[in-house]
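Structure assessment
Residues per chain are reported as follows:
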Amino acid sequence: PYRKLEKYAKPLLVLSLVLLVLVLIPGISNRVLGARRWLGFGSFSFQPTEITKLALVIYLASLLKNPHEDKLKPFLWIMGIIVALVMLQPDMGSTMILVGVGFAMYFGSGAPLGKLLLWIPVGIAIIAGLILVSPYRRARLQTLIDYSADPLGSAYHIRQALLGLGSGGVWGVGWGQSRQKYEFLPETMTDSIFAVFAEEQGLVGGTILILAFLFLGWMGLEGAKNSTDEFGSNLAIGITAWIVLQAFINIAAMVALVPLTGIPLPFISYGGSSLSLLLLASGILVNVSRKT
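Okay, so let's go over this structure.

Analysis parameters
- Residues numbered from 1 in each chain as written.
- Predicted model: local features only at pLDDT ≥ 70, side-chain atom pairs only at ≥ 80, totals over all residues.
- Heavy atoms only, no water.
- Core = buried A, V, L, I, M, F, W, Y, C linked by side-chain atoms within 4.5 Å.
- Buried < 20%, exposed > 50% of the residue type's maximum accessible area, 1.4 Å probe, protein only.
- Helix = DSSP H or I, 4+ residues; strand = E, 2+ residues; numbered from the N terminus.
- Expected span 1.5 Å × (residues − 1).
- Axes fitted to C-alpha atoms, helices over the stretch in contact; angles between N-to-C directions.
- Parallel < 35°, antiparallel > 145°, perpendicular 65-115°, else oblique.
- Left-handed = near helix turned anticlockwise from the far one by under 90°.
- Contact = heavy atoms within 4.5 Å.
- Nonpolar A, V, L, I, M, F, W, Y, C, P; charged D, E, K, R; others polar.
- Phe/Tyr/Trp six-rings, centres within 6.5 Å; stacked < 30°, edge-to-face > 60°.

Generally speaking, nonpolar side chains in soluble globular proteins are found buried as a group. If you look at the biggest cluster of nonpolar residues, it comprises 64 residues, and the most contacted ones within it are Leu60, Leu235 and Trp242. Only helix 1 (9-22), helix 2 (48-63), helix 3 (72-87), helix 4 (92-108), helix 8 (156-168), helix 9 (193-226), helix 10 (230-254) and helix 11 (272-290) provide two or more residues apiece to this core.

This is the structure in structure tokens:
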């Protein structure tokens, strides 16, 4: 029963914070492409950020279950600590998902929004500062504005993704027939999997996949609306926001609507940490829906 998860909310959050600290320590974590996001034990490795997503959802579901109590301060404190630790890796994509999930749960719980809205300008200023102080983030933003510049440098990834999308046409080139995945398009099994899928299945297949995520989101919110208790409703909102927001950011990056971010497409991208935690979260979501 999903209600038993509430007693593990604080221990899971503490565990995730410890793991986020450990991943920053050289010699303990694995450095991949300039970022420290992985902890490894022999042949086994995982991303603590993925565990943090589920731990945060469970903790906030418990924290915000009484919307009449003012929980803004503890909410902002825990969000600030987690965001700071994730950004030290650095991982802007996961930060955007964590913040989006947190605010979706705060809004969906029915908590008063007046004071929270005052923090939006602060959040925008922090994000702008993080972009301006980081050369590679500035390059990604400039690429979004004009991806015809530097075609073999900062714009290479998005140009290859758009070539794949365009090559697919309406019906696609067929299963397994993508050309872009053969060392033209980077990260074809993870971050760029949608570009490969859309090249092989075309506009029709890509649209069906997007509609599938939207349908999942609608069903998740229906489960939240019909839940018999606040904890279950908050869980459903958090998990639904996590899946849909992560899918949106991944796909939007591939079609040049947002800057490129290194996050996987839920249920489609290769990767043990993300897939395992998403399946676990989906099981909890089904559990909540069964009790409505």
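Right, let's talk about helix 2 for a bit. One full turn of an α-helix is made of 3.6 residues, so residues set three or four places apart face in the same direction. Counted at 1.5 Å a residue, the expected span for helix 2 with its 16 residues is 22 Å, and the 22 Å between its end C-alpha atoms agrees. In terms of residue burial, helix 2 counts as a mostly covered element, since 15 of its 16 residues are buried.

Interaxial distance between helix 9 and helix 10 falls to 9 Å at its minimum, and their mutual angle equals 160°. Classified by the angle their axes make, helix 9 and helix 10 are roughly antiparallel. Read as a crossing pair, helix 9 and helix 10 show a hand that is left-handed. Contacts from Phe194, Ala195, Ile210, Phe213, Leu216, Gly217, Gly220, Leu221, Gly223 and Ala224 of helix 9 reach helix 10 at Ser233, Ala236, Ile237, Thr240, Ile243, Val244, Ala247, Asn250, Ile251 and Met254. For the contact of helix 9 with helix 10, the per-class residue count stands at 14 nonpolar, six polar and no charged.

Running from amino to carboxyl end, helix 3 crosses helix 4 at an angle of 170°, the nearest separation of the two axes being 9 Å. It follows from the interaxial angle that helix 3 and helix 4 lie roughly antiparallel. For the pair helix 3 and helix 4, contact is made by Leu72, Phe75, Met79, Ile82, Val83, Val86 and Met87 and by Met92, Ser94, Thr95, Leu98, Val99, Gly102, Phe103 and Tyr106, respectively. Of the residues that constitute the contact of helix 3 with helix 4, the class distribution is 12 nonpolar, three polar and no charged.

Turning our eyes to something else, we now look at the side chain of Asn234. Mapped onto the elements, Asn234 comes out in helix 10. Using a relative accessible area of 0% as the deciding quantity, one classes Asn234 as buried. Excluding residues within four positions of it along the chain, Asn234 makes contact with Leu60, Ala61, Leu64, Lys65, Met105 and Ser109.

Applying the stated rule across the entire model yields five aromatic pairs. Between Phe75 and Phe103, the aromatic rings sit 5.9 Å apart at their centres with planes inclined by 80°, giving edge-to-face as the arrangement. Pair noted here: Phe75 is in helix 3 and Phe103 is in helix 4, with a separation of 28 residues, a long-range link. Accessibility expressed as a relative area gives 0% for Phe75, which makes it buried. Ring centres of Phe75 and Tyr106 lie 4.8 Å apart, and the angle between their planes is 40°; this geometry places the pair in the tilted category. In this pair, Phe75 sits in helix 3 while Tyr106 sits in helix 4, placing the two residues 31 residues apart along the sequence. With respect to class, Phe75 is no different from Tyr106; both count as buried.

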